[in-house]
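# Coordinate inspection notes
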Amino acid sequence: MLRSVGFLGWAVLAAASEMRSDDFPNYDQGTIPAWKDLASLRGAHPAAQVMSKAEYHRQLKSLDIPRLYREIAALMTSSRPYWPADGPQDGDVPSYAGLFARLAWHCSGSFRLINDTHAAGGCEGARQRHWPENEWRDNTNLDKARGLLAEVKLQFGDVSWSDLMTFAGTAAIKLSGGPAKKFCFGRMDDVNGDRSIPLGVEGVTQCRGSKFCKSDAECPNSFRWPEQNDTDHARCNIEQPKHRLQASHSVGLIYVYPEGPELKSTADGYNSNFVHNRSPKLSALEVRDTFRDRMGWTDRETVALIGGGHTLGRTHGNCNLTGTKWAQAPYNNVGPYFEATPGSLRGPTDGTCGTGAEAGRGKNTVSSGFEGPWTRSPSRWNYDFFDALLSEEWVPAKSPYGADQWHTRNETSKFARTMRLTADVSLVADKIYRPIVEEYAADHAQFDADFADAWFKLVHRSEDHPHKDDLEKDAGVCTSFEFTTLLP
Ligand code: HEM
Ligand SMILES: *[C@@H]1O[C@H](CO)[C@@H](O)[C@H](O)[C@H]1NC(C)=O
Ligand SMILES: *[C@@H]1O[C@H](CO)[C@@H](O)[C@H](O)[C@H]1NC(C)=O
Ligand SMILES: *[C@@H]1O[C@H](CO)[C@@H](O)[C@H](O)[C@H]1NC(C)=O
Ligand SMILES: *[C@@H]1O[C@H](CO)[C@@H](O)[C@H](O)[C@H]1NC(C)=O
């Protein structure tokens, strides 16, 4: 299918691949390869939805929602050899719940609130299938999630990708035993990624079709905290222009830099015995900058969303690439290298650990480089995220990939096989977030209710429908999952 070698120097990358997209049925349905999308920027891509909104909304009235839910349920728990489901490596059942929930979150998390009437981003448009969003580092391996969902998409051809991705994430939470109140359909897909360009173009130097590469993604004023090590990553937000649409750190990170700022050796609290000195306190300020000041979440919604999101699934970084070619240019660059290459499912972050069919997949997957689940049952809804955040002492640690994360000090604790990101630990280090964490640990029903409300808002707001009830008013096709009580 994707055999042809483009004009962008793909030959080298394509030759490096072992796994062909043909091994992954329907993979091509879920991602419009960047080199094809270049063409789509000049004209509508044939894969794009062409139906009018009125026609789509009319057809939705006869959508068999319970059947769609059942198909997602069947897919979610049946591990495919070409992209094995997580769970077993953490002592749980195989499930794509975490993967599908992350897909819906990353599709929706591009949402930026500009003022009362205007917004940008959001999942509607399904531009994650297109350049530039499919190259954002944060979206690594979500091409696999879309490829899996393509199996369902093919059976429900007229359901838009943006409805399917948000519904699959919501169904995944519900099917895992988590809370979901309501879901409304009616999102239209865009024909290309144009409307994401203002949200950020990564790898601007390699931009295809230069006139499309203008965005305010670059940091006009890079910023480091006074306590932060000068060699550590900078952030752009403090003096960035008003209404800059990116997250606090960089274009490729739709939310927040997960490792947090590294302290300099002279800063308060620096400990030379630690394997890293990431600051949860400073990280909290970055979380707030992105979630409250750019996405329009309250502090309470922020805590509920992060805790709920990081209840299911895991991080992927069980692979040390140091000394391999994957740790060197061009593979470690941003931009096209974070997308599967034509004819391959292999990008640098897919890793080369493991051999044969196991290479770069299953337990050898590298997405973010962090490693481990947050909870003891990552395939089933549970309350470990906040409970363990409070009950354990979290100490600096490294993933096998080399990323800075946190483990329990007590190595025999029941939570010892779980992990936290600095951005997670920030929720107990921050004076405003901490009482909310305490409330949620003490009152799981309150947490469930708040998470369900925030999640509803997350997957429904977009540039086209900036308020949480806009979509319902527009299309009027919603479900409250009443039918699930009738399912076996
Ligand atoms: C401060 C904000 C956040 C940061 C820094 C963050 C960071 C991360 C990272 C680094 C991963 C691992 C990706 C991988 O290696 O596969 C991850 C996974 C995940 N995140 Fe977040 N996240 C944040 C907020 C959220 C929110 C708000 C949600 C949902 C509401 C969410 C849902 C998930 C899910 C479900 C996964 C598991 C993916 C899987 O199992 O494959 N995250 N997150
Ligand atoms: C909101 O932002 C949009 C786009 O920047 C602008 O056109 C509009 O005038 C603003 N509205 C208000 C009420 O500030
Ligand atoms: C900053 O980090 C670098 C690289 O880890 C290290 O060599 C240096 O000593 C640090 N500087 C301070 C002041 O902590
Ligand atoms: C990764 O491998 C390199 C080279 O073998 C080694 O120096 C480094 O310590 C390893 N990193 C981790 C986090 O294990
Ligand atoms: C560590 O956890 C184990 C198992 O829960 C517990 O018995 C032990 O007391 C804990 N140790 C410390 C130092 O808290």
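Numbering of residues starts from 1 in each chain and follows the order in which that chain's sequence is written. The lettering of chains begins at A and the numbering of ligands begins at 1, in the order of writing. Only residues with pLDDT of at least 70 are given local features in this predicted model, and only at 80 or more are side-chain atom pairs given and counted; all residues enter the totals for whole chains, interfaces and linings. Only heavy atoms go into the side-chain values, all of them from the structure, while hydrogens and water stay out.

Turning next to the side chain of Asp-90. Each helix is a run of DSSP H or I of at least 4 residues and each strand a run of E of at least 2, with the numbering of both proceeding from the N terminus. With respect to the element layout, Asp-90 can be found in the loop between α5 (65-76) and α6 (97-108). One polar contact links Asp-90 to Arg-314, side chain to side chain, over a distance of 2.7 Å. Those residues in contact with Asp-90 that sit more than four places away from it in its chain are Arg-314, Pro-373, Arg-376, Pro-378 and Arg-417. Identification of polar contacts relies on pairs of N or O atoms within 3.5 Å, with a donor-acceptor requirement for protein atoms, meaning one able to donate a hydrogen and the other able to accept it, and with residues adjacent in sequence counted only if both atoms are side-chain atoms. Whether two residues are in contact is decided by their heavy atoms: any pair within 4.5 Å suffices.

Time to look at helix α7 (residues 142-155). Between the first and last residue of a helix there are one fewer steps than residues, each counted as 1.5 Å, and that sum is the expected span. In this model α7 runs 20 Å from its N-terminal to its C-terminal C-alpha over 14 residues, within 8% of the 20 Å that 1.5 Å per residue would give. Two axes enter the bend calculation: one fitted to the seven residues ending at the residue in question, the other to the seven starting there, and the bend is the angle between them. Along α7, the sharpest change in direction is near 35° and occurs at Leu-149. Burial classes follow relative accessibility: with a 1.4 Å probe on protein chains only, a residue under 20% of its type's maximum area counts as buried, one over 50% as exposed, and anything between as partly exposed. What α7 keeps buried is the set Leu-142, Asp-143, Lys-144, Ala-145, Arg-146, Gly-147, Leu-148, Leu-149, Ala-150, Glu-151, Val-152 and Lys-153. Buried residues along α7 sit against α2 (27-30), α5, α6 and α8 (161-175).

What follows concerns the site of ligand 2. Proximity criterion: a residue is near a molecule or strand once any of its heavy atoms comes within 4 Å of it. Taken together, Asn-115, Thr-117 and His-118 make up the full set of residues near ligand 2. Asn-115 has a polar side-chain atom sitting 2.3 Å from an oxygen atom of ligand 2.

On to the site of ligand 4, then. For ligand 4, the full set of nearby residues is Asn-320, Thr-322, Ser-399, Pro-400 and Gly-402. Asn-320 places a polar side-chain atom, nitrogen or oxygen, 2.3 Å from an oxygen atom of ligand 4. What sets the accessible areas is the Shrake-Rupley method with a 1.4 Å probe; for residues, cover comes only from the shown protein chains. In isolation ligand 4 has 360 Å² of accessible area, and contact with the protein removes 37% of it. Charged residues are taken to be Asp, Glu, Lys and Arg, nonpolar residues to be Ala, Val, Leu, Ile, Met, Phe, Trp, Tyr, Cys and Pro, and polar residues to be all remaining types, Gly included. For the shell around ligand 4, a count of residues per class yields 1 nonpolar, 4 polar and no charged.

Our focus in this paragraph is the state of the cysteines. Any two cysteine sulfur atoms within 2.5 Å of one another count as a disulfide. Within this structure, the stated rule accounts for 2 disulfides. Two residues share a disulfide in this structure: Cys-107 and Cys-123, whose sulfurs sit 2.0 Å from each other. Between Cys-107 and Cys-123, the S-S dihedral sits near 80°, and the bridge is therefore right-handed. One end of the pair, Cys-107, is in helix α6; the other, Cys-123, is in the loop between β2 (119-120) and α7, and 16 residues separate them in sequence. Of the two residues, Cys-107 and Cys-123, neither departs from the other in class, the shared state being buried. The disulfide partner of Cys-184 is Cys-478, and the gap between their sulfur atoms is 2.1 Å. Taking the sign of the S-S torsion, about 100° here, the bridge from Cys-184 to Cys-478 comes out right-handed. Of this pair, Cys-184 sits in strand β3 (residues 183-185) while Cys-478 is found in strand β8 (residues 477-479), placing the two residues 294 residues apart along the sequence.

So, on to the packing of aromatic side chains. Two rings from Phe, Tyr or Trp (for Trp, the six-membered ring) form a pair when their centres sit within 6.5 Å of each other. Planes less than 30 degrees apart are called stacked, planes more than 60 degrees apart edge-to-face, and all others tilted. Under the defined criterion, the tally for this structure stands at 21 aromatic pairs. On the basis of an interplanar angle of 80° and a centroid distance of 6.2 Å, the ring pair of Tyr-383 and Phe-447 is categorised as edge-to-face. Taken together, the positions of Tyr-383 in the loop between β5 (372-373) and α11 (384-391) and Phe-447 in helix α14 (residues 444-460) put the pair 64 residues apart, joining distant regions of the chain. Judged by relative accessible area, Tyr-383 falls into the partly exposed class, the value being 25%. Each member of the aromatic cluster is reached from another via a ring pair, and the members are Trp-381, Tyr-383, Phe-385, Phe-386, Tyr-440, Phe-447, Phe-451 and Trp-455. Charge-over-ring contacts are defined here by two conditions on Lys NZ or Arg CZ: a distance within 6 Å of the ring centre and an angle within 35 degrees of the ring normal. Residue placement shows Arg-288 over the ring face of Tyr-433; its charged tip is 4.3 Å from the ring centre. When the ring centre of Trp-297 is taken as origin, the NZ or CZ atom of Arg-461, which lies over that ring, is 4.7 Å away.

What follows is about the environment of Glu-133. Its location among the elements puts Glu-133 in the loop between β2 and α7. Overall, Glu-133 belongs to the buried group, its relative accessible area being 2%. The spatial distance from the C-alpha of Glu-133 to the C-alpha of Cys-107 is 8.9 Å, given a sequence separation of 26 residues. There is a polar contact of 2.7 Å between the side chain of Glu-133 and the side chain of Ser-196.

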